[in-house]
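Topology and contacts: notes
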Amino acid sequence: MPIFTIGEQDFLLDGQPHRILSGALHYFRVHPDQWADRIRKARQMGLNTIETYVAWNAHAPTEDAFDVTGGLDLGRFLDLVAAEGMHAIVRPGPYICAEWDNGGLPGWLLDSGAAVIRADDPIYMAAVSRYLEQLAPIIVPRQVHEGGPIILIQIENEYGAYGADRAYLEKLVKINREIGLTVPFTTVDQPQDDMLENGSLPGLHRTGSFGSRSLERLETLRRHQPTGPLMCSEFWVGWFDHWGAHHHTTTVEQSAQDLEVLLANGASVNIYMFHGGTNFGFTNGANDKGVYQPIVTSYDYDAPLDESGNPTPKYWAFRDVLRRYTTHTEPDVPPAAEPAPQFTVPLTKSLPLWDMLGQLGQPTHHNWLPTTDDIGHYTGFSLYRTELDAAGPAILEIDEVRDRAQVFLNRKNLGTLSRDHKDRTIALPDDAHGTLEILVEDQGRVNYGPRLGEAKGLIGAARINGQILRGWSLTPLATGDISPVTAAFAAADSNDLTAVRGPAFVHGTFDLGKPSDLYLDTTGWAKGVVWINGFCLGRYWSRGPQHTLYVPSPLLRLQSNEIVILELHAAAASVISFVATQNLGHTDY
């Protein structure tokens, strides 16, 4: 079997110098029926390795679960990498960042009793140990010397930007070795002296993460990794987008030039991202460096392979660069992208969210204001309810909203409180009495920095004119499984919709002439979530920059495709449209 090691100057494959030409491709962001296509296109571009994170929270939505089926079948993904004749780099975290919900850490982690995360806390380390033991049967037998594709394992992720707990890193190394991993271990940090020093250990091979000024960054890395090969294991060729901001791109020429400099100086590389994919469902993360910024559904990343798997001009430019640094030749090339079919779908049924509450969740009752984490609900939507009897003018004040709260009195919409605007108060009608309901959306857990692991929902206390409100119910809305809604639509009569008044579910069906990817146009809709054939495509929001949702062809049937939309506010349309190309917003050069 092949042997992969790290020598005094190079990576060594069976004792011979070997340059890693890798591309990042996250299995959990791509429909599993499309994995093979994306992997093949990586090889056709000139890469020899695929890198992926492992999203702990996707595999373990609850403490007693570990799912490796369907789109989480990491073993199948790695086998497809091997079948294409490529190697693999696996980054199991436990923290991954990746603009992914909570940086990949499960929401239940702090509820298990851990005092801190990403540190040498005994409860946290016990949970990490269980996770890696659950992962072991998948990755240990797929190491390169066992006949599999895995050549490197990364320990933690950019830890030098977060902490400096050497005991934590040492224990992580020990756990990874004890489960049977024997390939070389790496760390990655941004090329700053403090980060490179704090984020690694002697015996771990340091790599860098950067997207420009390659020569300067390699020189910094060399000071901290005096022997062995230099590697940029996150070569940023684009960036991610936040709701309400612009769509980020980088110029093809500059990215290709920076890649050329890396390779001309003998470095190995992992292109981040080769193919970004999609934050399907409620999996997007968020940043908060003073202002909360949730990440959009698309993870296109301005990558060489776009969100729907089509080569971009950056793909062809990178292919030209890579061919100068490898003997790899590939006669076949990916076909040019074809426009997706364009058509409209009439929406014929509508159900108010209020009518579906009993089917989506059951309330818990509290004398205080609970967080959603308090009831074990870690994603999506929740509904708070209490009774009011206020005399005269009244102001509702909430200590903190995480992340967006629509306020209703007797089902009348009074307005929205949003975390990014730091809204905390809302005026109530004079002599407010009746049922106060607050629909809260978790817009994505922070994936980077000190706010990792924070609770969601309404935080602290709620007050009316300074008096604390007690006697709350909290209903978790289980929108991961939309079957109760589709069953209700099956029993409902069709009607002529002229507009949508939310919060409400709306429904339509459509046929296809032939299998195809689709792009759902969300212009004209305010804010909400879309499911097709029971699969959650993700969120849309009129503030942009994203104005289409990608629909992978494997989700679709030739007949009787079912679309369900949860519109939180309103839409003037009675149809939904599919368009020929993606609309991810204006570009920024």
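Every value quoted in this text rests on a predicted model; they were computed, and no experiment measured them.

1. Quick word on the overall build of the protein chain
For the protein chain, the helix and strand inventory stands at 11 helices and 34 strands. What you see for the protein chain is a C-alpha radius of gyration of 25 Å, in line with the 25 Å of a compact globule of 589 residues. Each principal axis of the C-alpha distribution contributes one length, and for the protein chain these read about 80 × 55 × 40 Å. Considering the protein chain as a whole, with its 589 residues, one finds that 60% of them fall into the buried category. When the accessible surface of the protein chain is split by element, carbon and sulfur atoms take 51% of a total near 21900 Å².

2. Description of helix α11 (residues 483–491)
Within α11, the full set of buried residues consists of Val485, Thr486, Ala488 and Phe489. Within α11, the buried residues cover an arc of 160 degrees as seen down the axis, which keeps them to one side. Seen from the open side of α11, the exposed residues pointing more than 90 degrees away from its buried face are Ala490 and Ala491. Residues of α11 that are buried sit in contact with β15 (349–352), α10 (353–360), β27 (504–510) and β32 (561–567).

3. Comments concerning the packing of helix α4 (residues 122–139) against helix α5 (residues 166–178)
At a minimum axis distance of 10 Å, the contact between α4 and α5 shows a crossing angle of 25 degrees. Relative to α5, the element α4 lies roughly parallel. Crossing of α4 against α5: the hand is right-handed. Contacts between α4 and α5 involve Tyr124, Met125, Val128, Ser129 and Leu132 from the former and Tyr168, Lys171, Leu172, Ile175 and Asn176 from the latter. In terms of residue class, the contact of α4 with α5 is built from seven nonpolar, two polar and one charged.

4. So, the sheet that holds strand β24 (residues 467–468)
The antiparallel open sheet is built from four strands, whose spatial order is β21-β18-β23-β24. Strands at the two margins of the open sheet, each flanked by one partner only, are β21 (425–428) and β24. Alignment of strand β23 (residues 457–464) against β24, held across two bridges, turns out to be antiparallel. Bridge pairing links Arg463 to Ile468 in β24.

5. Some details on the side chain of Glu437
Tracing the sequence through the fold places Glu437 in strand β22 (residues 433–442). Exposure remark for Glu437: the relative accessible area of 1% places this residue in the buried category.

6. Focus: the pairing of β23
With respect to burial, β23 is a largely interior element, six of its eight residues being buried. Here six bridges tie strand β18 (residues 394–402) to β23, and the two strands are oriented antiparallel to one another. Across the sheet, the residue bridging to Ile398 is Ala462, located in β23. Between β23 and β24, which pair antiparallel and follow one another directly, the connecting turn spans two residues, one of which, Asn465, has a positive phi of 50 degrees.

7. Observations regarding the pattern of salt bridges
In total, this model carries 33 salt bridges according to the counting rule given. Note that Glu156 and Arg118 form a salt bridge whose closest N and O atoms lie 2.8 Å from each other. You can see Glu156 sitting in the loop between β7 (150–154) and α5 and its partner Arg118 sitting in the loop between β6 (87–91) and α4, a full 38 residues away along the chain. For Glu156, a relative accessible area of 0% gives the class buried. Residues Lys174 and Glu178 are paired through a salt bridge, measuring 2.4 Å at the closest nitrogen-oxygen approach. Of this pair, Lys174 and Glu178 both sit in helix α5, four residues apart, which is roughly one turn of that helix. Among the residues examined, Lys174 registers a relative accessible area of 48% and is labelled partly exposed. Residue classification places Glu178 among the exposed positions, given a relative accessible area of 56%. Linked by salt bridges that have partners in common, Asp288, Asp373, Glu400, Arg402, Asp403, Arg419, Asp442, Arg445, Arg451, Glu454 and Lys456 make up one network.

Basis of the calculations
Residues numbered from 1 in each chain as written. Predicted model: local features only at pLDDT ≥ 70, side-chain atom pairs only at ≥ 80, totals over all residues. Heavy atoms only, no water. Helix = DSSP H or I, 4+ residues; strand = E, 2+ residues; numbered from the N terminus. Rg over C-alpha atoms; globule rule 2.2 N^0.38 Å. Buried < 20%, exposed > 50% of the residue type's maximum accessible area, 1.4 Å probe, protein only. Areas by Shrake-Rupley, 256 points an atom, 1.4 Å probe, with all protein chains shown as cover. Arc of directions from axis to C-beta. Contact = heavy atoms within 4.5 Å. Axes fitted to C-alpha atoms, helices over the stretch in contact; angles between N-to-C directions. Parallel < 35°, antiparallel > 145°, perpendicular 65-115°, else oblique. Left-handed = near helix turned anticlockwise from the far one by under 90°. Nonpolar A, V, L, I, M, F, W, Y, C, P; charged D, E, K, R; others polar. Pairing = 2+ DSSP bridges. Salt bridge = Lys/Arg side-chain N within 4 Å of Asp/Glu carboxyl O.

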